[in-house]
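Coordinate inspection notes
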Amino acid sequence: MPPAPRASLPSVTSHPRDTPQFYLTAPSPCPYLPGQEERKVFTHLVGRRARDLNEILTQGGFRRSQTIAYRPACESCRACVSVRVVVEDFAITGSQRRILQRNAGLIGTPEPNRPASEQYALFRRYLDARHGDGGMVDMTVLDYAMMIEDSHVDTHLVVYRERGPDSAIHGRGVGAPVAVCLTDVLADGLSMVYSFYDPEQASRSLGTYMILDHIQRARALGLPYLYLGYWVDGSRKMDYKAKFLPQERLMPQGWVRVG
């Protein structure tokens, strides 16, 4: 996310310090659709109103990255659609049930959003294997730490480890993390901000597993939605998000139920 342009000072009146101001990025190549350009509108999530503002903006199709809330604002494309799973009515498929069974040996533990060296090692392997040409590939350990802990909203990590001999007693897994998800807690749901996993265990479908696990977590908390970010029509990278039904997609007329 590029830095915000420097705002000009108003000549007569000034905004309250906690009033959000929105900025527009310059066009850049779209990471999902070849030949397209993307632009984003964004604002800062800081100060005492950050949590409330994040709630409102997420319901309006924004996503959070550190202390920035952003949304696509492309001039000639509307392929990016914000989606959220309807938790109470979610209908698991046979293949999804098998993925849960395949990963029954994992335990996901909520932890404070504090970075750790073992997390970064996993994150680095994930990027190198899955997103070697992406915009995050050059992230350093300091960049990772900022992504995890730079937040003014209610957020935490869910860290997945293998079940150990004493897990039935203390409820935690053992060993190095197999998968990690940075998760925001909203008044109406959970939002999966960013997740990554061991690329050498691709056969376990860990990305899908984390979504299924978060649906269960949202249901246990009595929250109606799980926010998955953007489904991009025409992008194979984002096809998986359409498989969690029923879901709601944010259209010009509002949230529309699908499935």
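Residues numbered from 1 in each chain as written. Predicted model: local features only at pLDDT ≥ 70, side-chain atom pairs only at ≥ 80, totals over all residues. Heavy atoms only, no water.

Let us now look at the pattern of salt bridges. Following the criterion strictly, the structure yields 13 salt bridges and no others. The closest approach of N and O atoms between R64 and D184, which form a salt bridge, is 2.7 Å. With R64 in strand β5 (residues 63-65) and D184 in strand β10 (residues 174-186), the pair connects residues that are 120 residues apart, well separated along the chain. Between D188 and R84 there is a salt bridge, and its shortest N-O distance comes to 3.9 Å. Taken together, the residues D188 in the loop between β10 and β11 (189-197) and R84 in strand β7 (residues 80-86) connect sequence positions 104 residues apart. Three or more residues are tied together by salt bridges with common partners; here these are R84, D188 and E248. (Salt bridge = Lys/Arg side-chain N within 4 Å of Asp/Glu carboxyl O. Helix = DSSP H or I, 4+ residues; strand = E, 2+ residues; numbered from the N terminus.)

Next up on the list: the UniProt feature "domain: N-end aminoacyl transferase N-terminal" (unreviewed entry) in the chain. Feature annotation in UniProt assigns "domain: N-end aminoacyl transferase N-terminal" (unreviewed entry) to the following positions: residues 28-98. The span residues 28-98 is 21% helical and 34% strand by assignment, and the distance between its end C-alpha atoms comes to 40 Å. (UniProt positions renumbered as here; feature names shortened; annotations may be inferred.)

Moving on to the packing of helix α3 (residues 117-130) against helix α4 (residues 141-149). Contact geometry for α3 and α4: axes closest at 10 Å, N-to-C directions at 105°. As far as their axial angle goes, α4 and α3 are roughly perpendicular. Residues Q119, Y120 and F123 of α3 form the contact with α4, whose own contacting residues are V141, Y144 and M147. Considered class by class, the residues forming the contact of α3 with α4 number five nonpolar, one polar and no charged. (Axes fitted to C-alpha atoms, helices over the stretch in contact; angles between N-to-C directions. Parallel < 35°, antiparallel > 145°, perpendicular 65-115°, else oblique. Contact = heavy atoms within 4.5 Å. Nonpolar A, V, L, I, M, F, W, Y, C, P; charged D, E, K, R; others polar.)

Moving on, we get to the sheet that holds β10. Spatial strand order, β8-β9-β10-β11-β12-β7-β13-β14: eight strands in an open sheet with mixed pairing. Every other strand in the sheet has two partners, leaving β8 (106-111) and β14 (254-258) as the edge strands with one partner each. Strand-to-strand twist of the sheet, defined as the mean angle between neighbouring strand axes without regard to direction, takes the value 35°. The sheet contact formed by β11 and strand β12 (residues 225-232) spans three bridges and is parallel. Looking at the pairing, S191 lines up with Y227 of β12. Docked against the sheet, helix α1 (residues 50-59) engages β10, β12, β13 (247-251) and β14, running at close to 90° with respect to β10. Packed onto the sheet, α3 meets β9 (155-162), β10 and β11 and runs at close to 75° relative to β11. (Pairing = 2+ DSSP bridges.)

Attention now goes to the sheet that holds strand β6 (residues 68-72). Sheets are built from strands that pair by backbone hydrogen bonding, the pairs being arranged parallel or antiparallel. Taking strand neighbours across the sheet as the criterion, the four strands line up as β1-β4-β6-β5 in an open arrangement whose pairing is antiparallel. A single partner strand is all that each edge strand has here, and the edge strands are β1 (23-24) and β5. As paired strands, β5 and β6 are joined by three bridges and run antiparallel to one another. Residue pairing across strands places R64 opposite A69, the latter belonging to β6.

Attention now goes to the state of the cysteines. As used in these notes, a disulfide is a covalent bond between sulfur atoms, one from each of two cysteines. Summed over all chains, the structure comprises zero disulfides. The thiol of C181 is not disulfide-bonded; the next cysteine sulfur, from C80, is found 19 Å away. Since its relative accessible area comes to 0%, C181 is described here as buried. (Disulfide = S-S within 2.5 Å. Buried < 20%, exposed > 50% of the residue type's maximum accessible area, 1.4 Å probe, protein only.)

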